[in-house]
Amino acid sequence: MDTISPLQATKPAPNMPVNASRRPGEPSRFVHNTWYVAMFSSDLERGQMVHRTILNEPVVFYRKEDGGVAAMIDRCSHRFAPLSMGKLLPGDRVQCIYHGLEFGADGQCVKNPHGKGTIPPPLHLRSFPVVERHTLIWIWMGDKKADPATIPDYSCLDNRPALHVTRPGYLNVAAHYELVVDNLLDLSHISYVHVGILGNADTANADIGVDQKGDVVAVSRISKNAETPGILKMMSPAGFERGDQWNTISWYPPSNMILEFGASKPGEPKEKGTGYFAIHLLTPETERSTHYHYTAARWNVLTDDEQNAKIRDKIYEMRTFAFAEQDVPVIEAQQICMDQPEKPLRPALLSIDAGPIAYRKVLDRLLSEEG
Ligand code: FES
Ligand SMILES: [Fe+2]
C-alpha cells in the first residue's frame, strides 16, 4: 500500500547571480568553542583521509591505528599542499604529497627529509579535539578546552536495530547555516513547501509553541484530529487516516537539531502512537555554504520487519526529496536575494517567526561571549 502523495518539487529558482562569500564588512557568525558534526562514523574508513572545510578551515580526518580519529589542518606548513592528497604511513603519520614532510596525529611535524632534517616550530600544524559519539564524529574548532560532556544527546541513534534507522544523508547547501536553522525551526513552512508528504492544509493552522530551557530552544506544533501525512500512515499498521500529530524540534546551539515527529489515533495518548526522531546536523563550511547531515530513528515501532525495511527506505527517500528538492532550492535562492542589495536586509517578521527569534537571541549572546 502506498499512501504517499505524488512528490512535488519546488519550482526552480530564477536564474540569479551567486555571491559565494560574505559581503564586505559583514561580521562572521561562527561560534568556535562548541562541537560540530564533521561526518558520520561510517564516512571514515580505516586507511582513508577525508577532507572537510569547517568554519572556513580545511581539515583532514583519518583513523589512527587504535581506531580513534585524528583531525588536523589540511594544509601543509611548507607550501600549503593539502595533506589529504598525501599518504598515510605506519605510526599514524601523514606524508605530504609535495615534498615529503611527515606529521603525527597531533599535527607535530616528525620528519623533514631535506637538508639536515631540522624541524623548526613553524612546521608544526594545528590539530583539533575529536570525539566519536552517537555514530557521529564531532570536532571542536575553538581554542578553549573542549568538554565532551557538552555534546548534544543523540542517544536515540545508539545501538538501534538497523531497520529502525535510516541510512546517513548528506547535502551541501549553498547558504549561510543560519538560513537552514531558520528553515528547520519554522514548522509553518511544512504545510506549504512539503504539502502532501510532511504536512497538508489541515496542519497549516496548528498552534505553534516556543519553549526555552537554558540555551535549548524547542518549537512545537500540535494538530488535533488532522489528516495524517503519508509517511505516518505507512508507519501505523491500522493506517489511520486522521490523527493527533505533533512536531517538536529542539535546537542545540549553535546548529544541531532533533525533531520528534509522530501521530496517534485521535484522542489516544502519544505513547500509543508512532513516529521518528528526525536528526538535523548543520556544520558551517563557509559563510555561504553548510554541511547538512541527516538521518532518522523510529520510536515505538508498530510494524513488522518486512514493512520496516520499506519504511526505512521511504523515510530516507522522502526526507532527501523534501530537503534537496523542496527546502534547499528555496534557501539557496533566499540567500542570493539577501546578498543582492548593498545593505543588509531586515525581515518583516510574522508570529510564525517566534522560534527563529528565540534561537537568534541565544546565538547572538554566544557570539558576543566569544568576542
Ligand atoms: S608542500 Fe608539503 S612538503 Fe612541501
Ligand atoms: Fe522543510
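Residues numbered from 1 in each chain as written. Chains lettered and ligands numbered in written order. Predicted model: local features only at pLDDT ≥ 70, side-chain atom pairs only at ≥ 80, totals over all residues. Heavy atoms only, no water.

Trainee: Give a description of the coordination of the iron ion (ligand 2) that names residues and reports values.
Mentor: Taken together, His189 (NE2), His194 (NE2), Asp327 (OD) and Asp327 (OD) make up the protein donors of the iron ion (ligand 2), found 2.0 to 2.4 Å from the metal. Seen from the iron ion (ligand 2), its four donor atoms lie at angles of 57 to 144°, and the figure they make is irregular. (Donors = N, O, S within 2.8 Å, 3.2 Å for Na, K, Ca; no water. Tetrahedral: all angles 85-135°; square planar, octahedral: opposite > 155°, others 65-115°.)

Trainee: For a nonpolar patch on the surface, give the residues involved together with the corresponding values.
Mentor: A contiguous nonpolar patch, built from Ile208, Val210, Leu350 and Ile352 and spanning about 300 Å² of accessible area, is present on the exposed surface. With respect to the element layout, Val210 can be found in strand E12 (residues 207-213). (Patch = residues over 30% accessible without salt bridge, like charges linked within 9 Å, V, L, I, M, F, W, Y side chains within 5 Å. Areas by Shrake-Rupley, 256 points an atom, 1.4 Å probe, with all protein chains shown as cover. Salt bridge = Lys/Arg side-chain N within 4 Å of Asp/Glu carboxyl O. Helix = DSSP H or I, 4+ residues; strand = E, 2+ residues; numbered from the N terminus.)

Trainee: Tell me about the pairing of strand E1 (residues 35-40), and please be specific about residues and values.
Mentor: Of all six residues in E1, six are buried; the element is thus mostly enclosed. One ladder, built from five bridges, connects E1 with strand E10 (residues 136-140); its direction is antiparallel. Paired with Phe40 across the two strands is Leu136, which belongs to E10. (Buried < 20%, exposed > 50% of the residue type's maximum accessible area, 1.4 Å probe, protein only. Pairing = 2+ DSSP bridges.)

Trainee: Go over the domain arrangement of the protein, please, and point to the residues and values.
Mentor: Assigned domains of the protein: these are domain 1 (35-149) and domain 2 (155-370). Taken together, the contact between domain 1 and domain 2 spans 17 residues of the former and 19 residues of the latter. Across the domain 1 to domain 2 interface the summed buried area is about 1,400 Å²; carbon plus sulfur atoms make up 61%. When the buried area of domain 1 at its contact with domain 2 is split by residue, Tyr36, Phe40 and His134 rank highest and sum to 38% of it. If you look at where domain 1 meets domain 2, you find zero salt bridges. Secondary structure elements with two or more residues in the side of domain 1 that touches domain 2: E1, strand E2 (49-54) and E10. (Domains from an automatic or database assignment. Contact = heavy atoms within 4.5 Å. Buried area = accessible area lost by both parts, 1.4 Å probe.)

Trainee: Could you give an account of the packing of aromatic side chains, with specific residues and numbers?
Mentor: The final tally for this structure, using the stated rule, is 11 aromatic pairs. Summarising the aromatic geometry, the rings of Tyr292 and Tyr294 are spaced 5.6 Å apart at their centres and angled 65° between planes, so their arrangement reads as edge-to-face. Ring centres of Tyr294 and Phe323 lie 4.9 Å apart, and the angle between their planes is 80°; this geometry places the pair in the edge-to-face category. Residue Tyr294 is located in strand E17 (residues 289-299), and its partner Phe323 is located in helix H4 (residues 305-339); the two are separated by 29 residues in the primary sequence. (Phe/Tyr/Trp six-rings, centres within 6.5 Å; stacked < 30°, edge-to-face > 60°.)

Trainee: Run through the packing of helix H1 (residues 177-185) against helix H5 (residues 354-370), naming residues and quoting values.
Mentor: Running from N to C, H1 and H5 point in directions that differ by 140°, and their axes come no closer than 8 Å. Considering the angle they form, H1 stands oblique to H5. As for how H1 packs across H5, the hand of that crossing is right-handed. Residues Tyr177, Glu178, Val181, Asp182 and Leu185 of H1 pack against Gly355, Pro356, Tyr359, Arg360 and Leu363 of H5. (Axes fitted to C-alpha atoms, helices over the stretch in contact; angles between N-to-C directions. Parallel < 35°, antiparallel > 145°, perpendicular 65-115°, else oblique. Left-handed = near helix turned anticlockwise from the far one by under 90°.)

Trainee: Pulling in residues and values, what's your account of the sheet that holds strand E5 (residues 87-89)?
Mentor: Strand order in the open sheet made by the four strands is E5-E6-E7-E8, with antiparallel pairing throughout. With one partner strand each, in any of the chains shown, E5 and strand E8 (109-111) form the two edges of the open sheet. Bridge count between E5 and strand E6 (residues 93-95): three bridges; the pairing is antiparallel. Along E6, the bridge assignment pairs Leu88 with Val94.

Trainee: Residues and numbers for the side chain of Ser289, please.
Mentor: Relative to the assigned elements, Ser289 resides in strand E17. On the basis of relative accessibility, which here comes to 8%, the residue Ser289 falls in the buried class. A polar atom in the side chain of Ser289 sits 2.7 Å from the side chain of Glu285. Apart from residues no more than four positions distant in its own chain, Ser289 is found in contact with Asn172, Val173, Ala174, Ala175 and Pro284. (Polar contact = N/O pair within 3.5 Å; in protein donor to acceptor, adjacent residues only side chain to side chain.)

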